[in-house]
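Structural description and commentary
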Amino acid sequence: MTFNPNTRLDPGQISDRRGIPGGRGGIAIGGGGLGIALLLIYALLGGNPDDLGSLTDPGAVVGPEGTAMAADCQTGQDANERDDCRILGYVNSVQRYWTDSFAASGETYEAIDTVLFSDSTSSACGTATAATGPFYCPADGLVYIDLGFFGELRSRFGAQGGSLAQGYVVAHEYGHHVQDLLGVLDAGGGAGTGAEGASVRTELQADCFAGVWANHAASTGFLEPLTEAQIADALDAAAAVGDDRIQEATQGEVDPDSWTHGSSAQRQRWFKNGYDSGDPAACDTSGGDL
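For clarity, every value in this text was computed on a predicted model and none was experimentally measured.

1. What about the overall build of the chain?
When its secondary structure is counted, the chain shows 10 helices and six strands. Each of the 290 residues in the chain was classed as buried or not, and the buried ones make up 54%. Look at the contacts in the chain between residues 6 or more apart in sequence, and 77% of them connect residues 24 or more apart. In the form shown here, the chain has an accessible surface area of approximately 11100 Å², with 48% of it arising from carbon and sulfur atoms.

And the structure:
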């Protein structure tokens with residue numbers, strides 16, 4: 001995906017903790033010898049962050065003015081050239097869309113920051129590490145991303161990469177924030193696993209919300225119109241994090257009864273449903289077949 005090179009980025013929507021030690025007091029997922037791949041099955045793209053453990057020290061938050069981002073990530077051209085600026089650009093675009101969408105319905109969208117970190121950091125939902133994958137923490141209203149995750153997405157789970165794959169991840173996590181604002185995030189609550197369970201329904205709705213944003217991405221002013229190849233990148237990323245694909249790669253067998261996020265086909269279907277419709281109302285996953 002190509003950003004409008006002349007658009008101005010807002011680095012105030014990023015908290016940069018890269019290079020800051022973190023994680024005191026948190027309990028990391030993955031005890032008992034679980035590797036990074038199995039951890040990602042649990043937490044990838046919005047796993048229940050409440051299960052990450054308790055937190056006693058929320059850690060330092062460093063605004064972009066305290067890092068190189070304020071100077072280096074100023075325009076869309078910077079987003080075209082650097083991963084961290086690109087994530088900032090996606091955060092700006094996603095939140096611009098939801099601000100306008102809520103306003104059109106007479107509601108107010110509450111903007112939140114994304115925390116960029118390296119290795120590990122603390123959150124109000126516990127310790128975040130590269131192994132937990134990106135997630136939204138409702139307890140502190142922040143999205144957490146280690147940029148190293150995108151390399152794992154390609155090398156371990158076979159995603160083809162591409163800029164819109166990153167945009168899909170960002171938009172999915174902000175989809176959980178939208179669910180939180182609408183009062184439907186707890187509907188899944190991490191319970192009701194299985195291909196038709198509540199957890200899968202929550203995750204697929206966030207995928208659909210990501211697709212809705214993609215439909216309107218160019219209208220936010222940050223991005224140029226999407227191409228079919230870029231949409232294919234997003235669909236490829238959605239497939240790469242399907243429960244069935246991850247289970248096959250890590251366990252050698254597929255167990256639909258234990259799914260928490262949905263199959264590759266389900267995740268692609270709901271992203272495409274949101275993209276084709278451009279309407280959040282088309283993202284009701286609360287009932288019916290998925």
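2. Quick notes on the pairing of strand β3 (residues 120–123)
Going residue by residue along β3, you find Ser120 and Ser122 tucked away on one face and Thr121 and Ser123 tucked away on the opposite face as well. Relative to strand β4 (residues 126–129), β3 runs antiparallel, the two being bridged by four bridges. Bridging across to β4, Ser120 finds its partner in Thr129. Hairpin connection, β3 to β4: the antiparallel pair is bridged by two residues.

3. Some details on the side chain of Ser264
As for its placement among the helices and strands, Ser264 is situated in helix α10 (residues 264–277). Setting aside chain neighbours within four positions, we find Ser264 in contact with Ala238, Ala239, Gly242, Asp244 and Arg245.

4. A look at the packing of helix α6 (residues 163–182) against helix α8 (residues 228–240)
It is at 7 Å that the axes of α6 and α8 come closest, and there the two elements cross at 55°. Considering the angle they form, α6 stands oblique to α8. α8 is crossed by α6, and the crossing has right-handed handedness. For the pair α6 and α8, contact is made by Ser163, Leu164, Ala165 and Tyr168 and by Gln230, Ile231, Asp233, Ala234, Ala237 and Ala238, respectively.

5. A look at the state of the cysteines
Inspection of every chain in the model, using the stated rule, returns three disulfides. Each sulfur in the disulfide pair Cys125 and Cys137 lies 2.1 Å from the other. Torsion about the S-S bond of the Cys125 and Cys137 cystine: about 90°, corresponding to right-handed handedness. One end of the pair, Cys125, is in the loop between β3 and β4; the other, Cys137, is in strand β5 (residues 135–137), with 12 residues separating them in the sequence. Taking relative accessible area as the criterion, Cys137 reaches 0% and is therefore assigned buried.

6. Here's the deal with the packing of aromatic side chains
Applying the stated criterion to the full structure yields eight aromatic pairs. With centroids separated by 5.9 Å and ring planes inclined at 85°, the aromatic side chains of Tyr90 and Trp213 adopt a geometry described as edge-to-face. In this pair, Tyr90 sits in helix α4 (residues 83–104) while Trp213 sits in helix α7 (residues 198–216), placing the two residues 123 residues apart along the sequence. Considering the side-chain rings of Tyr97 and Trp98, the 4.8 Å spacing of their centres and the 65° angle between planes classify their relative orientation as edge-to-face. Judged by its relative accessible area of 8%, Tyr97 falls in the buried class. Connected via pairs of aromatic rings, a cluster forms that spans Tyr97, Trp98, Phe102, Tyr109 and Phe209.

7. Focus on unusual backbone geometry
Peptide bonds are trans in most cases, and residues, glycine excluded, mostly fall at negative phi. With a phi close to 70°, Asp119 is a non-glycine residue in the positive phi region. Here Asp119 is to be found in the loop between β2 (114–117) and β3. Note on Asp119: relative accessible area 62%, which makes it exposed.

8. Points about the packing of α8 against α10
Contact pair α8 / α10: the axes reach a minimum separation of 7 Å and the direction vectors enclose 145°. Handedness of the α8/α10 crossing: right-handed. For the pair α8 and α10, the contacting residues are Ile231, Ala234, Leu235, Asp236, Ala238 and Ala239 in the first and Ser264, Arg267, Gln268, Phe271, Lys272 and Tyr275 in the second. When its residues are assigned to classes, the contact of α8 with α10 shows seven nonpolar, two polar and three charged.

9. A few points about the confidence of the model for the chain
On average, the chain scores 82 in pLDDT, and the residues at 70 or more come to 78%. Within the chain, the element-level pLDDT minimum falls on helix α1 (residues 36–43), averaging 39, and the maximum on α4, averaging 97. Throughout residues 23–62 the model reports pLDDT below 50, and contacts reaching past four residues in sequence, or to other chains, amount to 106 contacts.

10. Focus on the sheet that holds β2
Reading across the sheet, the four strands line up as β1-β2-β6-β5 and stay open at both edges, with mixed pairing between neighbours. In this open sheet, the two edge strands, each paired with only one partner strand, are β1 (14–16) and β5. Between one strand axis and the next, the sheet turns through 25° on average, direction left out of account. Here three bridges tie β5 to strand β6 (residues 142–146), and the two strands are oriented antiparallel to one another. When the bridges of β6 are listed, Cys137 appears paired with Leu142. Across the face of the sheet, α4 comes into contact with β1, β2 and β6 while running at roughly 165° to β2. Sitting on the sheet, α6 touches β2, β5 and β6, and the angle it makes with β5 is about 25°.

The rules behind the values
- Residues numbered from 1 in each chain as written.
- Predicted model: local features only at pLDDT ≥ 70, side-chain atom pairs only at ≥ 80, totals over all residues.
- Heavy atoms only, no water.
- Helix = DSSP H or I, 4+ residues; strand = E, 2+ residues; numbered from the N terminus.
- Buried < 20%, exposed > 50% of the residue type's maximum accessible area, 1.4 Å probe, protein only.
- Contact = heavy atoms within 4.5 Å.
- Areas by Shrake-Rupley, 256 points an atom, 1.4 Å probe, with all protein chains shown as cover.
- Pairing = 2+ DSSP bridges.
- Axes fitted to C-alpha atoms, helices over the stretch in contact; angles between N-to-C directions.
- Parallel < 35°, antiparallel > 145°, perpendicular 65-115°, else oblique.
- Left-handed = near helix turned anticlockwise from the far one by under 90°.
- Disulfide = S-S within 2.5 Å.
- Phe/Tyr/Trp six-rings, centres within 6.5 Å; stacked < 30°, edge-to-face > 60°.
- Nonpolar A, V, L, I, M, F, W, Y, C, P; charged D, E, K, R; others polar.
- pLDDT = per-residue confidence, 0-100.

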